[in-house]
Structure formats: structure tokens, C-alpha cells
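Now for the letters of each chain:
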Amino acid sequence: STSNQSVYRATTTAPVNIAVIKYWGKRDVTLNLPTNSSLSVTLSQRSLRTLTTASCSANYPAEDTLNLNGQPQEIHPSRMAMLPSPKLSTLPLRIVSENNFPTAAGLASSAAGFAALVRAVADLYSLPQSARELSRIARQGSGSACRSLMGGYVAWRTGELADGSDSLAEEVAPAAHWPEMRALILVVSAEKKDVPSTEGMQTTVHTSDLFDHRAKNVVPERMAAIEAAIQARDFHKFAEITMRDSNTFHATCLDSWPPIFYMNDVSRAAVRLVHDINRAVGRTVAAYTFDAGPNAVIYYEEKDEALVAGTVKAILGASASGWEGPFYEKLANVT
Ligand code: 2P0
């Protein structure tokens with residue numbers, strides 16, 4: 001019949017977020033509940049975003065399909081099961097997703113990917129859900145994805161309930177609160193295969209003493225302090241906490257057994273350069289942070305664009321430095 005020919009479709013985008021207080025470790029692996037709260041800055045979708053279309057039709061082959069950047073992907077049933085009521089419809093589902101940045105760049109794309117997937121499927125089935133509710137669902141697909149459902153400065157609270165219903169993202173401040181914030185992303189060229197996040201964090205949970213100390217004694221105070229710094233638009237405080245938490249996170253990786261190395265010599269050159277710039281200027285104008293890989297993200301304020309981006313490019317942009325140039329520019333016109 002004619003109705004059988006219909007294709008139902010929903011398209012959406014989601015941004016990348018870069019944590020300044022890092023998520024690392026699960027207290028519940030099945031529900032994807034974190035050991036500590038985290039906080040991130042959502043980057044502009046003009047620079048980095050995932051575009052996802054979810055569609056369903058009786059004409060599609062019976063199996064649900066997922067395609068990322070033109071490549072068919074294996075579907076994980078547990079991850080599909082967390083999607084907003086997909087089985088309300090018996091029609092086969094087709095999901096096509098594309099990043100506007102090179103996947104080879106090694107930038108964490110799972111956050112934007114799962115956030116876009118969850119919103120597209122919710123839209124497809126016309127399930128009106130708030131960003132809060134969608135973040136709770138996205139969390140189950142990939143922890144950091146819950147923070148990509150909101151713009152600006154976003155906290156993911158650990159929550160206290162065993163069922164995870166209070167472990168979700170919330171906006172600490174909209175992007176417009178601190179519109180001068182910028183981020184520069186430095187991509188390391190010859191990249192080695194990292195330990196995947198999910199595996200790496202569980203090694204850390206089970207083997208590092210420092211990890212427990214960070215989660216219990218360090219992160220709660222840093223969360224409160226960085227939220228206050230954001231409210232006050234105090235870049236000096238924001239920057240110091242950001243750099244210290246990146247360092248503590250990577251210290252817990254080094255304290256794991258066997259140790260996990262995400263940063264390399266090229267990453268460390270960026271750390272030294274940022275400290276050198278801050279010392280030479282006599283105030284904190286730049287802050288680095290590193291995720292589960294060697295790439296650097298450098299936060300700064302727009303007024304210091306020439307100073308920070310200019311110096312970083314002049315020094316690290318030289319081909320011999322190991323950095324891929326000329327990076328992504330003026331990134332975090334945070335939306
Ligand atoms: C973060 N990372 O807060 C931290 C910092 C990497 C280092 O969240 O197992 O891909 O899917 O929940 O979210 C990367 O971990 O891990 C991550 P799963 P996810 O952004």
C-alpha cells in the first residue's frame with residue numbers, strides 16, 4: 001500500500017564538548033554512572049559538529065543500520081536499547097551520521113555522535129523530551145555525550161541514586177555568559193593507537209590509588225571552584241583549575257597498572273609553551289587540557305587571541321614540532 005512506501009525522517013546536529021574537569025571512571029558500568037562529576041565547555045557547531053539523520057521505513061531491509069562518515073558500523077544492541085523508545089515503531093531504523101571534522105584527527109567524536117543520535121531518534125518518534133531527559137539517555141551510550149545536549153558551560157553530576165536517574169547534565173552558564181572564551185585545538189600528526197576510554201578508565205578504577213583520592217578529595221572542591229570562576233568570569237582561576245585537573249587526570253593514568261600514556265613529547269611541548277607564555281605575559285592568558293589522547297585544547301579569551309594563538313602557531317606550527325598545522329582556528333565561539 002502507499003503508506004508502506006513512506007520514509008519517516010528526522011535530522012539534527014550536536015556539538016563537541018571539551019571537559020575542564022575530567023570524567024574518568026565508572027561506579028556502574030551497565031548504567032554508565034561516573035565516579036566523579038565533570039564539567040565541560042561546548043564548542044561552536046560552526047567548527048565541530050555531528051550531523052545525524054534517523055529514518056525508518058517499511059521499505060528498508062529488516063536490520064537496523066548505522067553509518068558513520070560513509071562507513072557501515074556494527075550495531076551494539078545494548079546501545080540501541082537505550083535509545084528513546086525505538087521499538088514503539090516496528091519499522092527498520094536507518095541512522096546516518098557525519099562529522100564536519102576529520103575523524104582521523106583523533107578528536108573525541110563519540111560525545112557529539114551519541115548526543116546527535118539520541119536527539120535524532122527522539123525527534124523521529126516525535127517524543128518531546130527536554131535536554132535534561134535526553135542527556136540522561138545519551139549518558140548510557142557514552143558518558144561524555146550527556147554534556148553535548150546543552151550549550152555553554154555544562155556540568156554532569158554523578159547523582160546519588162542507584163538507578164542513575166539523577167546522573168545527568170545541567171547547564172552551569174550559557175555561552176553568552178562568557179562570550180570571549182575561545183579554544184584552539186592542536187592536533188598531533190603521527191598518532192598512535194590509544195587505549196580506548198572505556199577500557200582505560202576501568203584499568204584506572206581497579207589499579208590506581210591516586211584515582212580514589214582524586215574522585216573523593218580533589219574533584220568535589222574543583223567542581224565548586226571552577227563553577228564559581230565561571231560565574232565570575234575569572235579566567236585566571238578557570239585556567240589554573242583546568243590545567244591542574246588535566247594534569248591530575250593524566251597522573252591517575254600514569255598511576256594505573258600497567259600505566260596508561262595519553263600525552264606524548266609533543267603534548268608536553270604544548271604544556272611548557274603555555275606555562276612559558278603565561279610567565280612571560282605576567283598573567284594567565286592560556287590554559288591547556290588533554291583528553292584520552294595527545295591532542296591539546298588551549299582555552300583563552302578573545303582579547304588575547306594574537307598573543308596566545310599567534311605564539312602557539314608561530315612556535316608549534318613549525319612542521320618539525322610534530323603538530324599538524326594550522327589547527328582549527330577561533331574554535332570556541334561557544335554556542
Ligand atoms: C571527558 N573523557 O570528561 C573525559 C576526559 C576522556 C578524558 O569522557 O565509556 O567516550 O563511553 O562513557 O565518554 C571519554 O570517555 O567514555 C571521556 P564512555 P567516553 O570528556
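Reading the values: rules and limits
Residues numbered from 1 in each chain as written. Predicted model: local features only at pLDDT ≥ 70, side-chain atom pairs only at ≥ 80, totals over all residues. Heavy atoms only, no water. Helix = DSSP H or I, 4+ residues; strand = E, 2+ residues; numbered from the N terminus. Buried < 20%, exposed > 50% of the residue type's maximum accessible area, 1.4 Å probe, protein only. Contact = heavy atoms within 4.5 Å. Salt bridge = Lys/Arg side-chain N within 4 Å of Asp/Glu carboxyl O. Core = buried A, V, L, I, M, F, W, Y, C linked by side-chain atoms within 4.5 Å. Domains from an automatic or database assignment. Near = heavy atom within 4 Å. Polar contact = N/O pair within 3.5 Å; in protein donor to acceptor, adjacent residues only side chain to side chain. Areas by Shrake-Rupley, 256 points an atom, 1.4 Å probe, with all protein chains shown as cover. Pairing = 2+ DSSP bridges. Phe/Tyr/Trp six-rings, centres within 6.5 Å; stacked < 30°, edge-to-face > 60°.

Asks: Can you help me understand the overall build of the protein chain in this one?
Replies: Scanning the protein chain from terminus to terminus reveals 8 helices and 15 strands. The proportion of buried residues among the 335 residues of the protein chain is 53%. Nonlocal contacts in the protein chain, meaning residues at least 24 apart in sequence, comprise 75% of its contacts between residues at least 6 apart.

Asks: Got a minute to help me understand the pattern of salt bridges in this structure?
Replies: Side chains carrying opposite charge are able to pair once their charged atoms draw close together. In total, this model carries 13 salt bridges according to the counting rule given. With a closest N to O distance of 3.6 Å, Lys-303 and Glu-301 form a salt bridge. Since its relative accessible area comes to 59%, Lys-303 is described here as exposed. Across the pair Asp-304 and Lys-303 runs a salt bridge, and its minimum N-O distance is 3.6 Å.

Asks: Sorry, what's going on with unusual backbone geometry here?
Replies: The linkage connecting Trp-257 with the following residue, Pro-258, adopts the cis geometry, with an omega of 0°. Along the chain, Pro-258 turns up in the loop between α6 (235-254) and α7 (265-281). The backbone phi angle of Asn-69 is positive, close to 50°, even though this residue is not glycine. Within the secondary structure, Asn-69 is located in the loop between β7 (65-68) and β8 (71-73). Residue classification places Asn-69 among the partly exposed residues on the basis of a relative accessible area of 32%. One non-glycine residue, Ser-126, lies in positive phi territory at about 50°. Inspection of the secondary structure puts Ser-126 in the loop between α2 (110-124) and α3 (131-141).

Asks: Hey, could you run me through the environment of Pro-294 in this one?
Replies: With respect to the secondary-structure elements, Pro-294 resides in the loop between β13 (286-290) and β14 (296-301). Considered as a pair, Pro-294 and Val-187 are 107 residues apart in the sequence and their alpha carbons are 7.9 Å apart.

Asks: Explain the nonpolar core here, please?
Replies: The nonpolar side chains of a soluble globular protein tend to be buried with one another. Core analysis: the biggest nonpolar cluster contains 51 residues, and Leu-39, Phe-238, Tyr-299 and Val-312 have the highest contact counts within it. The element that contributes the greatest number of residues to this core is strand β12 (residues 181-188), accounting for 6 residues. Counting contributing residues per domain, this core is built from domain 1 (2-174) and domain 2 (181-328), each supplying no fewer than three. Beyond its immediate chain neighbours, meaning those up to four positions away, Val-312 contacts Leu-184, Leu-186, Leu-273, Ile-277, Ile-298 and Gly-317. By size, the runner-up hydrophobic cluster in this structure holds 26 residues, among which are Ala-10, Cys-56, Ala-116 and Ala-138.

Asks: Just checking my understanding: could you explain the site of the ligand for this structure?
Replies: Surveying the vicinity of the ligand reveals 17 residues, the closest of which are Tyr-23, Lys-26, Gly-143, Ser-144 and Thr-198. Residue Ser-142 places a side-chain N or O atom 2.7 Å away from an oxygen atom belonging to the ligand. Protein contacts shield 94% of the accessible area of the ligand, which totals 470 Å² for the unbound molecule. Per-element accounting of the shell around the ligand gives the leading share, 3 residues, to helix α4 (residues 197-207).

Asks: Is there a simple way to explain the pairing of strand β9 (residues 93-99) in this structure?
Replies: Regular strands place their side chains on alternate faces of the sheet. Side chains of β9 alternate between two faces, with Leu-93, Ile-95, Ser-97 and Asn-99 buried and Arg-94, Val-96 and Glu-98 left unburied. As paired strands, β7 and β9 are joined by 4 bridges and run parallel to one another. Considered in β9, the bridge of Leu-68 is made with Ser-97.

Asks: Is there a simple way to explain the packing of aromatic side chains in this structure?
Replies: For any pair of aromatic rings, the description consists of the separation of the ring centres together with the inter-plane angle of the planes. Scanning the model with the defined rule gives 9 aromatic pairs in all. Residues Phe-235 and Phe-238 carry aromatic rings whose centres are separated by 6.0 Å and whose planes lie at 40° to one another, so their mutual orientation is tilted. Placement of both Phe-235 and Phe-238 in helix α6 is noted, with a separation of 3 residues, approximately one turn of the helix. Judged by relative accessible area, which is 5%, Phe-235 ranks as buried. Aromatic side chains Phe-238 and Tyr-299 sit 5.7 Å apart centroid to centroid with 80° between the ring planes, which places their arrangement in the edge-to-face category. Placement of Phe-238 in helix α6 and of Tyr-299 in strand β14 is noted, with a sequence separation of 61 residues between them. By relative accessible area, which is 0% here, Tyr-299 ends up buried. Among the aromatic residues, those joined into a ring-pair cluster are Tyr-153, Trp-178, Phe-235, Phe-238 and Tyr-299.

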